[in-house]
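So the chains spell out like this:
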Amino acid sequence: MITVPTEGTTLPSPFPYRADHHAAALQALTTFLVQSEMILASWDSYSEKHTDADGWPHDEESYGWRKVQRDAQTWRAFEPVRRAAHELLATARFQLQHIAASDVEPHWPWQLSELAKSLDRLEALRSEWAEAREARRISRPAHEQFVDALAERNAEAWSDLDTWAIHGHAILDLHFVALKAPPPAPVAVADPTLLPATGRPAVRR
């Protein structure tokens, strides 16, 4: 596991939560970035083997179910990050305002903005799902209806989860520039595509 440094910076913290909590959030983000790459690589390998030269699946039903698994895996992988995502973004914005101008990458402000917009949409989907889940608890729909609704939510979330997979590293880059620390080495994490099925659809591209 990577130990994310929390000392060595002269920047004051604008937030009341402890440094070790922020380090844990950064670690969760690092893990998500690695897992999302695993999920994407697994999906790309499957898609290449199960589509024709024009990209059409050989078996649409099996292909669709594999995509459902990919989306569900990505949603689950992001959950530890989501719990602290607002704090991660707020800290990154603060760091961006206080580091030397010569250390700022021009794409960081745009990336943080994209991450914030994607997080808002993901939170909206999560709230909508909580309401729908409560309604379904009362109406007791068929299991197939529940699974279909969950898969639809994950599919809607996919592009925003992908935004975090692509641009989430900007938060880590900002953190390590603020600390003047070297970026982390690759971390070994569990491959989510090899985890036992839970009966729920999976994550990513």
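Residues numbered from 1 in each chain as written. Predicted model: local features only at pLDDT ≥ 70, side-chain atom pairs only at ≥ 80, totals over all residues. Heavy atoms only, no water.

Q: Report on the pattern of salt bridges, specifying residues and quantitative values.
A: Summed over the entire model, instances satisfying the criterion amount to six salt bridges. Where E79 meets R83, a salt bridge forms, and the shortest distance between an N and an O atom there is 4.0 Å. Look at the salt bridges and you will find they share partners, linking E79, R82, R83 and E123 into a network. (Salt bridge = Lys/Arg side-chain N within 4 Å of Asp/Glu carboxyl O.)

Q: Lay out the packing of helix α1 (residues 19-49) against helix α6 (residues 169-179) in plain terms, naming residues and giving numbers.
A: Across the interface, α1 lies against α6 with an axial gap of 10 Å and an inter-helix angle of 135°. When the interaxial angle is binned, α1 and α6 end up oblique. Between α1 and α6 the crossing geometry is left-handed. Between α1 and α6, the contacting residues are H22, L26, L29, T30 and L33 on the first element and H169, I171, L172 and H175 on the second. Considered class by class, the residues forming the contact of α1 with α6 number five nonpolar, four polar and no charged. (Axes fitted to C-alpha atoms, helices over the stretch in contact; angles between N-to-C directions. Helix = DSSP H or I, 4+ residues; strand = E, 2+ residues; numbered from the N terminus. Parallel < 35°, antiparallel > 145°, perpendicular 65-115°, else oblique. Left-handed = near helix turned anticlockwise from the far one by under 90°. Contact = heavy atoms within 4.5 Å. Nonpolar A, V, L, I, M, F, W, Y, C, P; charged D, E, K, R; others polar.)

Q: Kindly report on a negative patch on the surface, identifying the contributing residues and their values.
A: On the surface, a cluster of negative charge is contributed by E128, E131, E144, D148, E152 and E156. At the level of elements, α4 (108-139) and α5 (143-167) are the ones that each hand at least two residues to the negative patch. Considering each element in turn, the negative patch owes the most residues, four residues, to α5. By secondary structure assignment, the location of E128 is in helix α4. For E128, a relative accessible area of 47% corresponds to the partly exposed category. (Patch = residues over 30% accessible without salt bridge, like charges linked within 9 Å, V, L, I, M, F, W, Y side chains within 5 Å. Areas by Shrake-Rupley, 256 points an atom, 1.4 Å probe, with all protein chains shown as cover. Lys, Arg positive; Asp, Glu negative; His and termini not counted. Charge placed at Lys NZ, Arg CZ, Asp CG, Glu CD. Buried < 20%, exposed > 50% of the residue type's maximum accessible area, 1.4 Å probe, protein only.)

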